[in-house]
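Here are the chains, one letter per residue:
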Amino acid sequence: MALMSGTELAKEIVADAGRRAAAFEAAAGRKPCLATVLVGEDPASVTYVRMKRNRCRQAGIESRHVPLPATTTTAGLVRVIGELSADPGVDGILLQHPVPAGIDERAAFEAIAPGKDVDGVTMHSFAAMSFGLPGFESCTPGGIMRLLDAYEVGIEGRHAVVIGRSPILGKPVAMLLLARHATVTVCHSRTADLPSIVRSADLVVAAVGRPEFVRGSWIKPGAVVVDAGYNPGNVGDVAFAEAAERASLITPVPGGVGPTTIAVLLAQTVTAAESTMD
Ligand SMILES: NC(=O)C1=CN([C@@H]2O[C@H](COP(=O)(O)OP(=O)(O)OC[C@H]3O[C@@H](n4cnc5c(N)ncnc54)[C@H](OP(=O)(O)O)[C@@H]3O)[C@@H](O)[C@H]2O)C=CC1
Ligand SMILES: Nc1nc(=O)c2c([nH]1)NC[C@@H]1CN(c3ccc(C(=O)N[C@@H](CCC(=O)O)C(=O)O)cc3)C=[N+]21
């Protein structure tokens, strides 16, 4: 068993984004700018947004934080995001998920201009991912693909089993794997006999949101295991010690998928800024 280190890969991606951000600043006279929109004060979300903004600063990317009260309406949020979409000083927009119950998150995501969707959450970006066309990738799925490529994991012709079908993780990672010619099975809460499906996987992506949900006995010997889960207490969705006994390659939590998510966000923010120079 070998580990896929997201921490190491993220360092390389962030260093590259930082060099590109500096070149952009030299040419444009301003830094690339990411707007971070946080509705409410969920402590985990506050922490994630802080982590993202800290990484931006380290890479020479400006972040403009837009905190909104939990009482914000869908119309109010759509208006704020529309203003950021129209603001030439803003290159990318991150709306932290989840927004409080009662707000139509999809409507808010769709208010992000496609050229500023550096978090890859709009229908436009999803379609590009599905068709294998250039565009912004959902950050966690994009990070997972970069990890697989960095460790030279073969994708074409392999059976990939994705557990989870959320709009920002399971579904887009399934589309990216499909665009790379994997045979993809997407599982969810209504899936019958999940363990036997996972046992046939060459590549498993766990995106369930339940600590240590995927057991070692489900893993085909030699399979590649990507744990996208990030549960309270830094616990993944895979029972790591068990799975590591059978996997050929596995991502740890922490230090696996998480850091690559933020790295892709920064890289895509710089790409969005660069495209304003064209
Ligand atoms: N590292 C990172 O950057 C990120 C990590 N995460 C982590 O990834 C995990 C998933 O997040 P997210 O996709 O947003 O979560 P969601 O809660 O939106 O989606 C969970 C998915 O898992 C499925 N599921 C739930 N229970 C079961 C079950 N018993 N058997 C099979 N499938 C099940 C659900 O099925 P159904 O659709 O039928 O309800 C759903 O599709 C979490 O741990 C989260 O913290 C998330 C985003 C970014
Ligand atoms: N619109 C939107 N886009 C997101 O990308 C998004 C989101 N909403 N909502 C919440 C989740 C969660 N998320 C994480 C990012 C990095 C780590 C990460 O870097 N974790 C470190 C540990 C960091 C630490 O705890 O110190 C690691 O796994 O090693 C974790 C989780 C992005 N999310």
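Residues numbered from 1 in each chain as written. Chains lettered and ligands numbered in written order. Predicted model: local features only at pLDDT ≥ 70, side-chain atom pairs only at ≥ 80, totals over all residues.

Per an unreviewed UniProt entry, the recorded name for the protein is Bifunctional protein FolD, and the organism is Amycolatopsis acidicola. One UniProt comment on the protein, placed under Subunit (unreviewed entry), says "Homodimer." (UniProt positions renumbered as here; feature names shortened; annotations may be inferred.)

1. Thoughts on the UniProt feature "domain: Tetrahydrofolate dehydrogenase/cyclohydrolase NAD(P)-binding" (unreviewed entry) in the protein
According to UniProt, the positions carrying the feature "domain: Tetrahydrofolate dehydrogenase/cyclohydrolase NAD(P)-binding" (unreviewed entry) are residues 138-275. For the annotated span residues 138-275, helix accounts for 37% and strand for 14% of the residues, and the straight-line distance between the end C-alpha atoms is 18 Å. (Helix = DSSP H or I, 4+ residues; strand = E, 2+ residues; numbered from the N terminus.)

2. What to know about the pairing of strand β7 (residues 203-206)
Burial along β7 is two-sided: Leu203 and Val205 facing one way and Val204 and Ala206 facing the other are all buried. Note: β7 against strand β8 (residues 224-227), 4 bridges, orientation parallel. Across the sheet, the residue bridging to Leu203 is Val224, located in β8. (Buried ≥ 20, exposed ≤ 12 C-beta atoms within 10 Å, placed from the backbone. Pairing = 2+ DSSP bridges.)

3. Some thoughts on the site of ligand 1
Around ligand 1, the surrounding shell holds 26 residues, and the nearest of these are Gly164, Ser166, Ser189, Gly209 and Thr261. Top contributing element to the shell around ligand 1 by residue count: helix α10 (residues 257-275), with 3 residues. Along the lines of polarity and charge, the residues of the shell around ligand 1 split into 10 nonpolar, 12 polar and 4 charged. (Near = placed C-beta within 6 Å. Nonpolar A, V, L, I, M, F, W, Y, C, P; charged D, E, K, R; others polar.)

4. So, the pairing of strand β6 (residues 183-187)
Pairing analysis gives 5 bridges linking strand β5 (residues 159-163) to β6, with the strands arranged parallel. Bridge assignment links Ala160 to a residue of β6, and that residue is Val184. In the classification by handedness, the crossover that spans β5, the intervening helix α7 (residues 170-179) and the parallel β6 is right-handed. (Right-handed = clockwise from strand over helix to strand, strands pointing away.)

5. Observations concerning the domain arrangement of the protein
Under the domain assignment used here, the protein contains domain 1 (29-114) and domain 2 (139-257). Computed over C-alpha atoms only, the centres of domain 1 and domain 2 are separated by 28 Å. (Domains from an automatic or database assignment.)

6. Brief notes about the sheet that holds strand β4 (residues 92-95)
Taken together, 3 strands build an open sheet; the order of strands is β3-β2-β4 and the sheet is parallel. Two strands bound the open sheet, and with one partner strand each, they are β3 (62-68) and β4. Neighbour-to-neighbour, the strand axes of this sheet turn through a mean angle of 20°, independent of strand direction. (Axes fitted to C-alpha atoms, helices over the stretch in contact; angles between N-to-C directions.)

7. Notes on the environment of Glu41
Along the chain, Glu41 falls in the loop between β2 (33-39) and α2 (43-58). Judged by the 11 C-beta atoms lying within 10 Å of it, Glu41 is exposed. Along the backbone, Glu41 and Ala70 are 29 residues apart, and their C-alpha atoms lie at a distance of 7.2 Å.

8. Describing the site of ligand 2
Taken together, 19 residues sit near ligand 2, with His97, Pro254, Gly255, Gly258 and Thr261 positioned nearest. Put simply, the parts of the chain that give the shell around ligand 2 at least two residues each are β4, α6 (139-150) and α10. When residues in the shell around ligand 2 are grouped by element, the largest group, 4 residues, is from α10. Two domains each put at least three residues into the shell around ligand 2: domain 1 (29-114) and domain 2 (139-257).

9. Quick notes on α6
Quick reminder: α-helices carry 3.6 residues per turn. Residues three or four places apart thus point the same way. Across its 12 residues, α6 extends 16 Å between first and last C-alpha, which sits within 8% of the 16 Å expected from 1.5 Å per residue. Those residues of α6 that fall on the buried side of the exposure criterion are Cys139, Thr140, Pro141, Gly142, Gly143, Ile144, Met145, Arg146, Leu147 and Leu148. Contacts made by the buried residues of α6 are with α1 (6-28), α7, β7, β8 and α10. Positive phi appears at Glu152, one or two residues downstream of α6, with a value of about 50°. (Expected span 1.5 Å × (residues − 1). Contact = placed C-beta atoms within 7 Å.)

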